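Next come the chains, spelled out residue by residue.
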Amino acid sequence: MATKHEQILQHITDLEIGEKISVRLIAKALAVSEGTAYRAIKEAENQGLVSTIERVGTVRIEKKLKENIEKLTYAEVVNIVDGQVLGGRQGLHKTLNRFVIGAMKLEAMMRYVEAGNLLIVGNRDQVHKVGLEAGASVLITGGFGTSEEVIKLADELELPIISTSYDTFTVAAMINRAIYDQLIKKEIVLVDDILIPFQDTFYMTTQNTVDKWHDLNEKTGHSRYPVIDGNMKVQGMVAAKDVLGASKQTPIEKVMTSNPITVHERTSVAAVAHVMVWEGIELLPVIDNQRKLLGVISRQDVLKALQMVQRQPHIGETIEDIVTSRVEDKSKADELVFECEVTPQMTNQLGTISYGVITTLVTEIGSRLMRKYKKGDLVVENITLYFIKPVQIDSIITIRPKILEIGRKHGKIDVELYHEEEIVGKAMMMAQLID
């Protein structure tokens with residue numbers, strides 16, 4: 001039997017795209033408390049099923065596929081530019097494919113405007129009307145409004161017309177920034193991207209006996225399986241060591257490991273790698289928010305995904321990309337040496353190198369050194385910065401790492417940072433190796 005929370009989520013999923021919802025409506029329709037309705041709507045927002053817009057309310061939107069993540073919906077644009085929706089609210093869930101800045105004569109401008117665009121323009125009612133007729137949504141800058149005729153047309157065509165107090169340049173920069181942030185998110189490999197889906201997963205149920213484990217083991221050659229109950233919720237994990245010496249008629253519930261470690265589909269693969277290494281786990285069940293089994297993820301798939309990510313060219317640039325791209329290898333035959341120039345982005349409000357950047361440099365250089373000795377990936381366990389002096393913008397930092405200890409599974413590295421031959425930082429990094 002589905003819980004009230006699950007029933008509400010299913011109800012929201014079944015709604016038409018563009019339909020408005022509210023806590024009161026949901027509570028009344030499903031005979032639940034307003035608190036329960038509120039929690040479920042928040043969960044739906046986290047899942048990308050609805051979007052809440054100031055002065056409009058909560059609207060059912062189309063859930064984005066990862067390949068479309070950099071495309072914004074008009075609802076997202078309203079939130080990015082702190083906008084006010086003047087008309088066409090029914091179209092807020094639609095996705096825009098590009099934005100056009102209307103800063104030229106009407107005839108010249110309309111050559112560039114087509115359906116699915118967002119036309120960014122100032123106080124020009126005629127342009128608003130022609131833009132809507134071409135199938136584009138309109139964003140009016142400078143806090144201006146528009147005519148009743150245009151608002152009526154926007155409602156008829158279900159194309160949002162939005163007003164923002166920002167100027168055109170600021171709005172374009174804000175939207176660009178939002179798309180750029182989405183691109184960075186798109187590059188992050190999530191469990192969802194590499195899991196073995198439920199239909200291809202071998203699992204056991206709480207009704208099974210050890211006999212079933214032997215059947216599956218013979219059939220698949222695998223030795224670890226998730227155990228689910230009648231509601232598809234994960235109750236345990238069973239492995240070869242659990243069934244060793246148990247009679248074939250023993251209920252699987254007696255031998256399985258209860259409350260196993262699980263991961264969600266939106267967890268990053270890097271976080272999963274850390275869990276798998278730390279706990280020594282080969283296979284993890286992937287669950288949804290109701291603990292229902294969605295599939296499994298194996299250590300082998302996680303390692304392959306991490307190696308693939310490291311070879312991919314990155315589209316969006318994170319702070320870490322900016323820092324590591326500045327690191328130059330100046331090593332000599334007998335000594336590893338790296339150099340990095342301190343750029344304005346790497347500094348704090350005082351104009352000296354930030355502690356976060358120093359940590360990034362230590363991680364990057366320590367990882368490079370460890371890879372010279374050991375093939376494969378590593379998970380950083382601990383970084384200790386135990387001496388730091390301020391280094392200002394445009395300075396060149398020289399970094400000298402050295403291995404203190406390296407074993408089959410662990411490595412300990414000392415990293416020293418110099419500026420003009422004076423020591424300005426000392427750190428120690430410990431990492432666990434994944435093979």
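Residues numbered from 1 in each chain as written. Predicted model: local features only at pLDDT ≥ 70, side-chain atom pairs only at ≥ 80, totals over all residues. Heavy atoms only, no water.

Engineer: Explain the pairing of strand S21 (residues 410-419) to me, using residue names and the numbers behind them.
Structural biologist: In terms of burial, S21 is largely enclosed, as eight of its ten residues are buried. When strand S20 (residues 396-406) meets S21, the two strands line up antiparallel, connected through eight bridges. Residue pairing in the sheet places Thr398 in a bridge with Tyr418 of S21. The antiparallel pairing of S20 with S21 creates a hairpin that spans three residues between the two strands. Relative to strand S22 (residues 422-434), S21 runs antiparallel, the two sharing ten bridges. Residue pairing in the sheet places Tyr418 in a bridge with Ile423 of S22. (Buried < 20%, exposed > 50% of the residue type's maximum accessible area, 1.4 Å probe, protein only. Helix = DSSP H or I, 4+ residues; strand = E, 2+ residues; numbered from the N terminus. Pairing = 2+ DSSP bridges.)

Engineer: Give a detailed account of the packing of helix H1 (residues 4-14) against helix H3 (residues 34-46), specifying residues and quantitative values.
Structural biologist: Relative orientation of the contacting elements H1 and H3 amounts to 55°, with a least axis distance of 9 Å. As far as their axial angle goes, H3 and H1 are oblique. Relative to H3, the crossing made by H1 is right-handed. Residue-level inspection shows Lys4, His5, Ile8, Leu9 and Ile12 of H1 in contact with H3, the latter providing Thr36, Ala37, Arg39, Ala40, Ile41, Glu43 and Ala44. The class makeup of the residues in the contact of H1 with H3 is seven nonpolar, two polar and three charged. (Axes fitted to C-alpha atoms, helices over the stretch in contact; angles between N-to-C directions. Parallel < 35°, antiparallel > 145°, perpendicular 65-115°, else oblique. Left-handed = near helix turned anticlockwise from the far one by under 90°. Contact = heavy atoms within 4.5 Å. Nonpolar A, V, L, I, M, F, W, Y, C, P; charged D, E, K, R; others polar.)

Engineer: Go over the nonpolar core, please, and point to the residues and values.
Structural biologist: Of all hydrophobic cores here, the largest spans 27 residues; its most connected members are Ile353, Leu361, Val362, Ile397, Ile399 and Leu417. If one sorts the elements of this core by residue count, helix H16 (residues 355-373) sits on top with seven residues. Listed in part, the 19 residues of the second largest apolar core include Val189, Met276, Val277 and Ile434. (Core = buried A, V, L, I, M, F, W, Y, C linked by side-chain atoms within 4.5 Å.)

Engineer: Quick rundown of the pattern of salt bridges? Include the residues and the values.
Structural biologist: Taken as a whole and judged by the stated rule, the model has 14 salt bridges. A salt bridge links Arg24 to Glu34; its shortest N-O distance comes to 3.9 Å. Highlighted residues: Arg24 in helix H2 (residues 23-30) and Glu34 in helix H3, separated in sequence by ten residues. Using a relative accessible area of 64% as the deciding quantity, one classes Arg24 as exposed. On the accessibility criterion, Glu34 (45% relative accessible area) is partly exposed. Connected through shared salt-bridge partners, Lys402, Asp414, Glu416 and Lys426 make up one network. (Salt bridge = Lys/Arg side-chain N within 4 Å of Asp/Glu carboxyl O.)

Engineer: For the packing of helix H6 (residues 125-133) against helix H7 (residues 148-157), give the residues involved together with the corresponding values.
Structural biologist: Close contact between H6 and H7 brings their axes to 10 Å; oriented N to C, the two are set at 15°. Relative to H7, H6 is oriented roughly parallel. For the element pair H6 and H7, the recorded crossing hand is left-handed. Along the contact surface, H6 presents Asp125, His128, Lys129, Leu132 and Glu133, while H7 presents Glu149, Val150, Leu153, Ala154 and Leu157. Along the lines of polarity and charge, the residues of the contact of H6 with H7 split into five nonpolar, one polar and four charged.

Engineer: Which residues make up the sheet that holds S21, and what values do they have?
Structural biologist: The strand order across the open sheet built from six strands is S17-S18-S20-S21-S22-S19, with neighbouring strands paired in antiparallel fashion. For this open sheet the edge positions go to strand S17 (328-329) and strand S19 (377-388), each flanked by a neighbour on one side alone. Most of the contacts of helix H13 (residues 269-279) go to S19, to which it runs at about 95°, and overall it touches S19 and S22. On top of the sheet, H16 reaches strand S18 (338-341), S19, S20, S21 and S22; it is set at about 130° to S19, its chief contact.

Engineer: If you had to explain the sheet that holds strand S16 (residues 293-298) to someone new, which residues and values would you point to?
Structural biologist: Reading across the sheet, the four strands line up as S9-S16-S15-S14 and stay open at both edges, with mixed pairing between neighbours. Looking at the sheet topology across the chains shown, the edges are occupied by strand S9 (196-197) and strand S14 (263-264). Against the sheet, H13 engages S14, strand S15 (283-287) and S16, with an angle of about 135° to S15.

Engineer: Now, about the packing of aromatic side chains: what can you tell me, with residues and values included?
Structural biologist: Scanning the model with the defined rule gives one aromatic pair in all. Seen in terms of ring centroids, Phe198 and Tyr203 are 5.0 Å apart; in terms of plane orientation they differ by 20°. Their pairing is stacked. Judged by its relative accessible area of 22%, Phe198 is partly exposed. Here Arg400 stacks its cationic end above the ring of Tyr418, 4.9 Å away from the centre of that ring. (Phe/Tyr/Trp six-rings, centres within 6.5 Å; stacked < 30°, edge-to-face > 60°. Lys NZ or Arg CZ within 6 Å of the ring centre and 35° of its normal.)

Engineer: Could you give me a rundown of the confidence of the model for the protein, with the residues and numbers involved?
Structural biologist: Per-residue pLDDT for the protein averages 85, and the proportion of residues at 70 or more is 92%. The secondary structure element of the protein with the lowest average pLDDT is helix H14 (residues 299-311), at 73, and the one with the highest is strand S11 (residues 225-228), at 94. (pLDDT = per-residue confidence, 0-100.)

Engineer: Before we move on, could you go through unusual backbone geometry and cite the residues and values that matter?
Structural biologist: Non-glycine residue Asp82 carries a positive phi angle of around 50°. You can see Asp82 is positioned in the loop between helix H4 (74-80) and strand S4 (84-87). The exposure class of Asp82 is exposed, given its relative accessible area of 52%. The backbone of Arg291 shows a phi angle near 70°, a positive value even though the residue is not glycine. As for its placement among the helices and strands, Arg291 is situated in the loop between S15 and S16.

Engineer: I'd love a proper account of the side chain of Ser298, names of residues and values included.
Structural biologist: Tracing the backbone through its elements, the reader meets Ser298 in strand S16. Here Ser298 falls in the buried class, since its relative accessible area comes to 13%. Side-chain polar atoms of Ser298 contact the side chain of Asp301, separated by 3.1 Å. Look past the residues within four positions of Ser298 in its chain and what remains in contact with it is Met276, Glu282 and Leu283. (Polar contact = N/O pair within 3.5 Å; in protein donor to acceptor, adjacent residues only side chain to side chain.)

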